[in-house]
Amino acid sequence: NLFSFGDVDGAGINAKLQHPLGVSWDQKGGILYIVDSYNHKIKTVDPKSKSCVTLAGTGQPGNILGPHFTEATFNEPGGLCAGADGRLLYVADTNNHQIKVLDLETKTVSVLPVFSPESLDVMDSALPPLRINNPKLPKSTPNILLEPLSVSPGCTLQYSLDLQLPAGAKLTDGAPSFWFLFTEGHDWLLVGQTTCGEIVSLTDPDQIEVTLPLQFACADPELRVGICVYYCTEDTVCMMKSVSFSQPLHAKAGDRSNTAQRHLSYTF
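Let me begin by describing the structure that accompanies this report. (Residues numbered from 1 in each chain as written. Predicted model: local features only at pLDDT ≥ 70, side-chain atom pairs only at ≥ 80, totals over all residues. Heavy atoms only, no water.)

On to the overall build of the protein. Along the protein, the regular secondary structure elements total zero helices and 19 strands. Relative to the compact-globule value of 18 Å for 268 residues, the protein shows a C-alpha radius of gyration of 31 Å, a clear excess of over 25%. In terms of principal-axis extent, the alpha carbons of the protein reach across some 85 × 60 × 30 Å. Across the 268 residues of the protein, 38% fall into the buried class. A separation threshold of at least 6 residues defines the contact pool for the protein, and within that pool the share at least 24 residues apart is 57%. (Helix = DSSP H or I, 4+ residues; strand = E, 2+ residues; numbered from the N terminus. Rg over C-alpha atoms; globule rule 2.2 N^0.38 Å. Buried < 20%, exposed > 50% of the residue type's maximum accessible area, 1.4 Å probe, protein only. Contact = heavy atoms within 4.5 Å.)

This part takes up the packing of aromatic side chains. A full pass over the atoms with the stated rule returns four aromatic pairs. Aromatic pair tyrosine 266 and phenylalanine 268: ring centres 5.1 Å apart, planes at 75°, arrangement edge-to-face. (Phe/Tyr/Trp six-rings, centres within 6.5 Å; stacked < 30°, edge-to-face > 60°.)

Here the structure, examined in full by the defined rule, presents one disulfide. Bridging cysteine 232 to cysteine 238, the disulfide has an S-S length of 1.9 Å. Where cysteine 232 bonds to cysteine 238 through sulfur, the torsion about that S-S bond is close to 100°, and the disulfide is right-handed. The exposure class assigned to cysteine 238 is partly exposed, which follows from its relative accessible area of 49%. Just so you know, cysteine 81 is unpaired, no disulfide at all, and the nearest cysteine sulfur is the one on cysteine 52, 19 Å from it. Looking at cysteine 155, it has no disulfide partner, and the nearest cysteine sulfur is the one in cysteine 218, 15 Å off. The exposure class of cysteine 155 is buried, given its relative accessible area of 4%. (Disulfide = S-S within 2.5 Å.)

As a further point, take the sheet that holds strand S12 (residues 156-164). In spatial order, the strands read S16-S12-S19; together these three strands make up an open sheet with mixed pairing. The strands lining the two open edges of the sheet, one partner per strand, are strand S16 (207-211) and strand S19 (259-267). Between one strand axis and the next, the sheet turns through 20° on average, direction left out of account. With nine bridges connecting them, S12 and S19 associate as parallel partners. Following the sheet pairing, leucine 161 is matched in S19 by leucine 264. (Pairing = 2+ DSSP bridges. Axes fitted to C-alpha atoms, helices over the stretch in contact; angles between N-to-C directions.)

Ranked by size, the top nonpolar core spans 31 residues in total, and within it Leu157, Leu212 and Ile227 carry the most contacts. Of all the secondary-structure elements, those providing two or more residues to this core are strand S11 (149-151), S12, strand S14 (177-183), S16, strand S17 (222-232), strand S18 (238-251) and S19. Looking at this core, the element that brings in the most residues is S17, giving five residues. Formed by 15 residues, the second largest nonpolar core is a distinct cluster that contains Leu55, Phe74, Ala82 and Val91. (Core = buried A, V, L, I, M, F, W, Y, C linked by side-chain atoms within 4.5 Å.)

Right, let's get into the pattern of salt bridges. The full count for this structure, using the stated rule, is seven salt bridges. Residue arginine 224 pairs with glutamate 184 through a salt bridge whose shortest N-O separation is 3.5 Å. One end of the pair, arginine 224, is in strand S17; the other, glutamate 184, is in the loop between S14 and strand S15 (196-199), and 40 residues separate them in sequence. (Salt bridge = Lys/Arg side-chain N within 4 Å of Asp/Glu carboxyl O.)

Structural data, given as structure tokens:
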């Protein structure tokens, strides 16, 4: 009976459980262990007498070890496994993110240490360079090629957005529009940069700043700015539009404190 559930110890159909998720058979003791998940308990079933009784747990969610089974609390345990010698019972205490160990002889509960600081591996080499994963623009996205820009290593680029929506349209609530920086084979340009940001307003957009590295891996890299805009028209038609800007760069000697400003304009 799908709608007959509860938390009742008893024999046969008089016993009640609520969403039990795991079972384990103790071959030595001839007992079936059950995690009664929504009752936050561990129960046993004797197949000979068909009796189901509470082994551990108070019925209330918590994370208390005891000192005895009757005082221990769990939080929606989801699985369990009986030890080979029949003494220990391992319980996956799901919402507490722990594995609890029930000692069936002493009636005590402990936490299984999954790892300790002493057991952590020591790295003998540096991590590989971080790979920047950016959103993928649709293949139909128009790309605007900007005029090449001569820049000094270490200088700052400032891009201001000038984006126009169709008449009467507005940015979609709950679907954040955003910009992001990307390159084709020149990820060294983006190391340490803020590579994405949300577009909250088109009337007062944030500026995009890029501080170029002090050393260029190549003399003529290309920086790209991708933009995704979610908007709805007056007749409640909502859509996403995108555009990208490609900025060729050419390294030159000069003042590192210089700032190069550019406007990125587009009408959707």
